[in-house]
Every structure is written in structure tokens, then in C-alpha cells.
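As a plain string of letters, each chain reads:
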Amino acid sequence: MIKCSTILEHFEEEKSDMSLIKNIRDLFNSNHSSEKLVFEPLLKSLLSMAWFVEARDPYTGGHLWRVSQFSYLLAKKSGLSEAMAAQISLGGFLHDLGKIGISDSILRKTERLTDEEYNVIKTHPEVGFRLISDHPLAEVIKDAVLSHHERPDGKGYPHGLNSESLSPMAKIVGICDAFDAMTSSRPYRKGMTEEKALSILLSEKDAQFDGSLVDAMQMLSIDGKLKHIIGHTDEGIPLHNCPMCGPTLVVKKDHQVGDQISCNSCHAEFGLAVDGQGIMVPTPTGKNVSAAQRGVDLDEHVIESTLILMRKNLSQGVLKPLLS
């Protein structure tokens, strides 16, 4: 089990070691494509940190995976290249890194946030940007991290940028982040239907959301491309909630029938069984896991699937000019 503190310490070491950063940049500028794969430990550290930051909020399980998947599809639908779509998908996975600076009392709150608490939440784009500012991959993802809450009409945050100042990455991750928030349930409200969320996107064309991207999102919905992502935490893994207290239960690709998982909030234990549709489902055992068994396991499959997408696009040179 990889603990969150281990990942954070790993990242801080990388962030502060400028000689390591120089070496990585030198490798990206080399002519040996195999050496460029040295970037993977750096990228995996960011992906792992993002996953653990999300795990601190028990009610948003799978959010980063879903935003990443939506972002990739929307980028492709809007006519961007495979390489750019992969880069924007990566930004979608990492956009909420700044929530590492938000206290658990706010992230884990089950009631609506107060204005003061919401103002604290609104600091996360700049916190995330400061966090990655010295990282070799900063240029690849900074627009997603810093600007995913900006709006084409200039009424977003943190800088009130308008449409002309926003990159495709910022616009795409922004709309996908909002769409997932609308279609996901929270303790104080049930998630909207796909149709309802799309109607809100349409009502906010060229105001909160880029109009051409809203149209592309609508086409993805008409084509049935969003249903396998909504309400899922990984490809083919429907989202499950703890029946005792509500938070997301993490079911992973490598889980087997009979494996045991637990709720990260109330620590109730569940055994995994298969339902009539062949879906792995958690079944309460009536027990609680011991203190020694508590903790968050990194979802290696979700991380690796993102790495595979980036690995595929390294050959197209998408990262080299950004990191040189």
C-alpha cells in the first residue's frame, strides 16, 4: 500500500532537486527516444499525487478519471490532433492538484459550503499552479491546473480571463469538470441526468462555456459516447457508494471476486461479488476493518492507462518542445 505521505515526499524531492530537473530536460532533448521514457517517474508522481488528493474527498471518487476521459473525447471531437487530445486528457487528470492545500474539514463537508469556505476552495487553481511551477511537466498542464475555472465571459476565477485569453486546454477541461460535477451525486443533492446537464451547458453557451465546445459535447452525447464514463470510476467499473455513510467505494480493475475493500470514511468492510449482469459489486460483511488495514491504495490501472496514452504520443513529439 502506497501512503499519501510517501507520494508527497517523493514529489517534494523532485521539485527541489534542480539537478534532476536539468537532467530530465537534457534527456528530452536527446535523440534517443527510449531515454525520453525517463519522464515517466516524474509524470507518475504527479498522477499519483492527484489520485491521492482526490481520495481525500470521499464523495468525488473517479472524478479525475472521468474529466480526463471527457476531455480526450471533447478535444478529438473539436478537431484537435491525437497528440493534443492526449495532452489535454492529462491536464484533465491533474487539474485539481491544488486541492492538496484545502483542509479536510472543507473537502469532506457533507453540507453545502458557506461563502467563506467556497472562497477557500477558489484558491485551489493558484495553489496547484505554484505547486507545479518548477516541475519539468509544468508547461504541459499549467492551463488545466490554473485556468479550468475561468469563463469565456470573463466572470471566472482566479484571474477573470476572457475567451480570447483562454487556451483550448483550459476551455475543454473547464467544461468537462463542470459536466462531471453536474452529473455526479453529492451528499446534499443527487446527480443530474445527462440530458439535464447538457441543457445547462446549452443555456450557458459563450458565457460560462465555449459555444463550439458545447455543441461538440452535445454531439458526443447524441452519439452515445458519454454514457460509459458518467457514473464510472474506470473503464467498465460503475461507481459504488457506501450504503452506511455515502462516500465512493473504490473498486479497481485488478480486484477479484472474494477480495475485500472498505469505506475510507466509516471503515465498513465489503466483500466483492458479481451480480447478474457480471458487474463486480461490494457486499457488506457486517464488519469494520482494523486500524492496521486502513489506508488508501493507489489505483495502478488508472495511472498506467494514462501513462500508456502519453507514451503513445511521445513518438509524435508533443512533449519534447514543451519541456526543452
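Below you will find a few notes about this structure. (Residues numbered from 1 in each chain as written. Predicted model: local features only at pLDDT ≥ 70, side-chain atom pairs only at ≥ 80, totals over all residues. Heavy atoms only, no water.)

## Details of helix α11 (residues 168–183)
Okay, step 1: In this model α11 runs 23 Å from its N-terminal to its C-terminal C-alpha over 16 residues, within 8% of the 22 Å that 1.5 Å per residue would give.
Okay, step 2: For α11, the buried fraction is high: 14 of the 16 residues fall into the buried class. (Helix = DSSP H or I, 4+ residues; strand = E, 2+ residues; numbered from the N terminus. Expected span 1.5 Å × (residues − 1). Buried < 20%, exposed > 50% of the residue type's maximum accessible area, 1.4 Å probe, protein only.)

## Concerning helix α12 (residues 194–203)
Okay, step 1: Along α12, the positions that sit buried rather than exposed are Glu 194, Ala 197, Leu 198 and Leu 201. Take α12 and look down its axis: the buried residues cluster within an arc of 100 degrees, on one side only.
Okay, step 2: Residues of α12 that are buried make contact with α11 and α13 (211–222). (Arc of directions from axis to C-beta. Contact = heavy atoms within 4.5 Å.)

## So, the packing of helix α5 (residues 63–77) against helix α6 (residues 82–94)
Okay, step 1: Close contact between α5 and α6 brings their axes to 7 Å; oriented N to C, the two are set at 155 degrees. By the criterion of interaxial angle, the relationship of α5 to α6 is roughly antiparallel. The element α5 and its partner α6 pack so that their crossing is right-handed. Residue-level contacts link Leu 64, Trp 65, Val 67, Ser 68, Ser 71, Tyr 72, Ala 75 and Lys 76 of α5 to Glu 82, Ala 85, Ala 86, Ile 88, Ser 89, Gly 92 and Phe 93 of α6. (Axes fitted to C-alpha atoms, helices over the stretch in contact; angles between N-to-C directions. Parallel < 35°, antiparallel > 145°, perpendicular 65-115°, else oblique. Left-handed = near helix turned anticlockwise from the far one by under 90°.)

## Regarding the sheet that holds strand β7 (residues 280–288)
Okay, step 1: On the basis of which strands lie adjacent, the open sheet formed by three strands has the order β5-β6-β7 and antiparallel pairing. Two strands in the sheet have a free side with no partner beyond their single neighbour: β5 (260–262) and β7. Neighbouring strand axes in the sheet, compared pairwise and without regard to direction, differ in orientation by 40 degrees on average.
Okay, step 2: One ladder, built from six bridges, connects strand β6 (residues 268–274) with β7; its direction is antiparallel. By the bridge assignment for β7, Ala 273 is matched with Val 281. (Pairing = 2+ DSSP bridges.)

## A short note on the pattern of salt bridges
Okay, step 1: Scanning all chains against the criterion turns up 13 salt bridges.
Okay, step 2: Taking the shortest distance from any N to any O, the salt bridge between Asp 96 and Lys 99 comes out at 3.5 Å.
Okay, step 3: Since its relative accessible area comes to 8%, Asp 96 is described here as buried.
Okay, step 4: For Lys 109, the salt bridge goes to Glu 117, with nearest N and O atoms at 2.7 Å. (Salt bridge = Lys/Arg side-chain N within 4 Å of Asp/Glu carboxyl O.)

That is the geometry; function is a separate question.
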